[in-house]
Amino acid sequence: MTNKVTKAVFPVAGLGTRFLPATKSVPKEIMTLVDRPLIQYAIDEARAAGIKEFIFVTSRGKSALEDYFDHSPSLEAELERKGKTDLLKTLEDTNMDSGAIAYIRQHKPLGLGHAVWCARRMIGNEPFAVILPDDVIAAEKPCLQQMVEAYEEKPSNIVAAMEVPREKTSSYGILATGADHGNMVEVTGMVEKPKAEEAPSNLAVIGRYILTPKVLENLEQKQTGAGGEIQLTDAIAKEIDGEGVHGFRFQGQRFDCGSKAGFLQATVSFGLSRPELRDDLMGFIQDIVHMDKAAQ
Ligand code: G1P
């Protein structure tokens, strides 16, 4: 078995109901932060981590994602004709090598674990990454790259982890922890979406994983967990006494783009990080904060 992580699974089958009506005809992964769709941030991060094969687990209504990662000959010809080389360059990141991207349908919404299991034949017998595009992470060194480096030092199942407020534990997979080595924490238990009073800690799983193929075998049992769904968390937890599980405290700022508030925060933050937008946007924010204070 190779120890190099070159494949990543992107579960993108969700309906995105929290963003209706926008997501009635647009997959939520195509919604944009400034001018790049959420999925582009996920792909960029995977590429930076050395991923060469990109496996999308999709559902009906997601064909815009396939078009997005395809060449657009008429658009490219038009931009070329007009000499818009800078715009042509912005399209480069959307191009994939032939055969580098694959789409698999999840026919029924049976849970995140089931979605990952749908990709089992493409993954085969090697370690693989999972990226949930709703979790956008701004970081100097991209989060998955940090995790690949951690994996190379300590091959095991590694989940990105972050402390969350106690009252939010019911939105996350929560870790029970043993020995704490700073960035890497030994995981002794994992619970999907526990109530605050039942949570073993407030250390939450964030949507980046490096997993061993054993997790796919565990998913094969198709056991249902929280919410009656086949949970990835439960299949990883089975490896605590097997190949081991670590929480990885990443460096960076995570935005929950699965929620409207998180999405708006990410928009502002990514806008401010663009030199060409920063002054205008900052001036606007200062003005509205000032007006809001004056009105109180
Ligand atoms: C999923 C996982 C959960 C994890 C979360 C991170 O939940 O099941 O363990 O903490 O992503 O964003 P979802 O947000 O899909 O309900």
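Structure shown above.
Just so you know, these numbers come straight off a predicted model, no measurement behind them. (Residues numbered from 1 in each chain as written. Predicted model: local features only at pLDDT ≥ 70, side-chain atom pairs only at ≥ 80, totals over all residues. Heavy atoms only, no water.)

A. Seen up close, the overall build of the protein chain. Of regular secondary structure, the protein chain possesses eleven helices and 13 strands. Relative to the compact-globule value of 19 Å for 296 residues, the protein chain shows a C-alpha radius of gyration of 20 Å, a close match. The C-alpha extent of the protein chain, read off along each of the three principal axes, is 60 × 55 × 35 Å. Burial status across the protein chain gives 48% buried among its 296 residues. Long-range pairs, those at least 24 residues apart, make up 76% of the contacts in the protein chain between residues at least 6 apart in sequence. Of the roughly 15,200 Å² of accessible surface on the protein chain, 51% is carried by carbon and sulfur atoms. Side-chain charges in the protein chain split into 34 positive and 42 negative, and the spacing between the mean points of these groups amounts to 5 Å. (Helix = DSSP H or I, 4+ residues; strand = E, 2+ residues; numbered from the N terminus. Rg over C-alpha atoms; globule rule 2.2 N^0.38 Å. Buried < 20%, exposed > 50% of the residue type's maximum accessible area, 1.4 Å probe, protein only. Contact = heavy atoms within 4.5 Å. Areas by Shrake-Rupley, 256 points an atom, 1.4 Å probe, with all protein chains shown as cover. Lys, Arg positive; Asp, Glu negative; His and termini not counted. Charge placed at Lys NZ, Arg CZ, Asp CG, Glu CD.)

B. Molecular detail of the site of the ligand. Of all residues adjacent to the ligand, which total 13 residues, the nearest are Asp135, Gly173, Glu192, Lys193 and Val205. In this structure, aspartate 135 approaches the ligand through a side-chain N or O atom, which is 2.7 Å from an oxygen atom. In the environment of the ligand, an oxygen atom lies 2.7 Å from a nitrogen or oxygen atom belonging to the side chain of glutamate 192. Contact with the protein chains covers 76% of the free accessible surface of the ligand, which is 380 Å². For the shell around the ligand, the element with the most residues is strand E11 (residues 203-211), which contributes three residues. The residue makeup of the shell around the ligand, split by class, is five nonpolar, four polar and four charged. (Near = heavy atom within 4 Å. Polar contact = N/O pair within 3.5 Å; in protein donor to acceptor, adjacent residues only side chain to side chain. Nonpolar A, V, L, I, M, F, W, Y, C, P; charged D, E, K, R; others polar.)

Geometric descriptors of this kind do not, in isolation, establish any biological role.
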